2 protein chains.
Amino acid sequence: MKFCSQCGQAVRQIIPQGDNRLRFVCAGCGTIHYSNPNNVCGAILTWQDKILLCRRAIEPRYGLWTLPAGFMENGETVMEAAARESMEEANAVAKKLDLFAVFSLPHISQVYLMFHGELANEQVSAGTESLETGLFNIADIPWSELAFPVINRSLQLYIEHLQKDTKRSAVYTATAIKQADGKVDWVNR
Amino acid sequence: MKFCSQCGQAVRQIIPQGDNRLRFVCAGCGTIHYSNPNNVCGAILTWQDKILLCRRAIEPRYGLWTLPAGFMENGETVMEAAARESMEEANAVAKKLDLFAVFSLPHISQVYLMFHGELANEQVSAGTESLETGLFNIADIPWSELAFPVINRSLQLYIEHLQKDTKRSAVYTATAIKQADGKVDWVNR
């Protein structure tokens, strides 16, 4: 951020009075510009035990497989965002959505809110951000071609969840810890 | 938003190519400025069955009681945000935090992530944003003097949760629906 979005003058980074963090503050009109984490909402959707995945038609990770997920928009709920992304990326109608996991990714200031639910029907197809969609048996999940660590983690947790036969209302929480080598570890909190 | 934070030129609201929503886009450099919901993280903290509340020393709702909660910051996890707000608003050391509820407030584009846990000790006191702190028995909660509908809802759910003796790992989801008269209803999703 270089300029004030309210008055167009230059901003500087200072700690405002009563605050304890550097913020972009307008040298002209004094507006404090806060920057906060973004939510990504997505869904693990099944059709007769098969899991819906989409192959990305956009960067980053073009060509790799992912769960339908994307940035939450103003004016919607977390569940509406997950359903909307399912429709946009896979033309998928989601039903019986329940919150499944909340992932903190502090190194990129994102929070993933991942739902699980069912496909209302088998008619899924690539939206504009996908090259193709697929319904995968668990044994056929393309682990080495998944787009993001949080997608791996979501699917691993989901499979463990199925094996444990836990109550469907369980919600998992985890935090991504980015290592020096760029890999991501997870802690369960 | 009136000016581009990257180059200082005027922005206009258009639907960018490949998008389906109005965004602020710079007429000069073309930067698309997204606006997304903010997370508020907070905690229901108990000391021997008593619940920690803080009386607000800031607007809005100056003088009313609230749970420690505030905007999540970049670079932290949802749980760290809840613990930090507990410290900032009540000098409270939180322990055994678990996610308790996720509330969508689409009318103000906020998501509340409310934890529950214990106070590490009884030494709580007002931070700079609080007039005072209090440890309340459930029978003494000042329902008519709570700051926000989401605080009422959090405490109601927490009391129901205690009565049901549900597993501690249960996580509730709810959406605030703002009515024409300004009141807020809740749906469980």
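Above this text you will find the structure in question.
Residues numbered from 1 in each chain as written. Chains lettered and ligands numbered in written order. Predicted model: local features only at pLDDT ≥ 70, side-chain atom pairs only at ≥ 80, totals over all residues. Heavy atoms only, no water.

Participant: Any chance you could explain the environment of Asn188(B) here in plain terms?
Facilitator: Residues and elements named next belong to chain B. Residue position: Asn188 is located in the segment after β12 (184-187). In sequence terms Asn188 and Thr175 are 13 residues apart; their C-alpha atoms lie 6.5 Å from each other. If sequence neighbours within four positions are ignored, Asn188 has contacts with Arg153, Thr173 and Ala174. Only 3.5 Å separates the side chain of Asn188 from the side chain of Arg153, close enough to count as a polar contact. (Helix = DSSP H or I, 4+ residues; strand = E, 2+ residues; numbered from the N terminus. Contact = heavy atoms within 4.5 Å. Polar contact = N/O pair within 3.5 Å; in protein donor to acceptor, adjacent residues only side chain to side chain.)

Participant: I keep staring at the sheet that holds strand β3 (residues 32-33) of chain B and nothing clicks. Help me out?
Facilitator: Backbone-to-backbone hydrogen bonds pair the strands of a sheet. The strands run either parallel or antiparallel. Residues and elements named next belong to chain B. The strand order across the open sheet formed by three strands is β1-β2-β3, and the pairing between neighbours is antiparallel. With one partner strand each, in any of the chains shown, β1 (11-14) and β3 form the two edges of the open sheet. Relative to strand β2 (residues 23-26), β1 runs antiparallel, the two sharing four bridges. Each bridged residue has a counterpart across the sheet, and for Gln13 the counterpart in β2 is Phe24. (Pairing = 2+ DSSP bridges.)

Participant: Just to check I follow, could you spell out the pattern of salt bridges for this structure?
Facilitator: Opposite charge on two side chains allows them to pair when their charged atoms are near. All told, the structure shown has 18 salt bridges over all chains when counted by the stated rule. The partner of Glu132(A) in a salt bridge is Arg55(A), with the nearest N and O atoms 2.7 Å apart. A residue pair is termed long-range when its members are at least 10 positions apart, and Glu132(A) in strand β10 (residues 130-136) and Arg55(A) in strand β5 (residues 50-56) qualify at 77 residues. Residue class for Glu132(A) comes out partly exposed when judged on its relative accessible area of 33%. A relative accessible area of 24% places Arg55(A) in the partly exposed class. Ionic pairing is found between Glu85(B) and Arg84(B), a salt bridge with its closest N-O pair at 3.0 Å. Here Glu85(B) matches Arg84(B) in class, with each residue buried. Each of Asp19(A), Arg21(A), Arg23(A), Glu73(B), Glu76(B), Arg84(B), Glu85(B) and Glu88(B) takes part in a single network of salt bridges with overlapping partners. (Salt bridge = Lys/Arg side-chain N within 4 Å of Asp/Glu carboxyl O. Buried < 20%, exposed > 50% of the residue type's maximum accessible area, 1.4 Å probe, protein only.)

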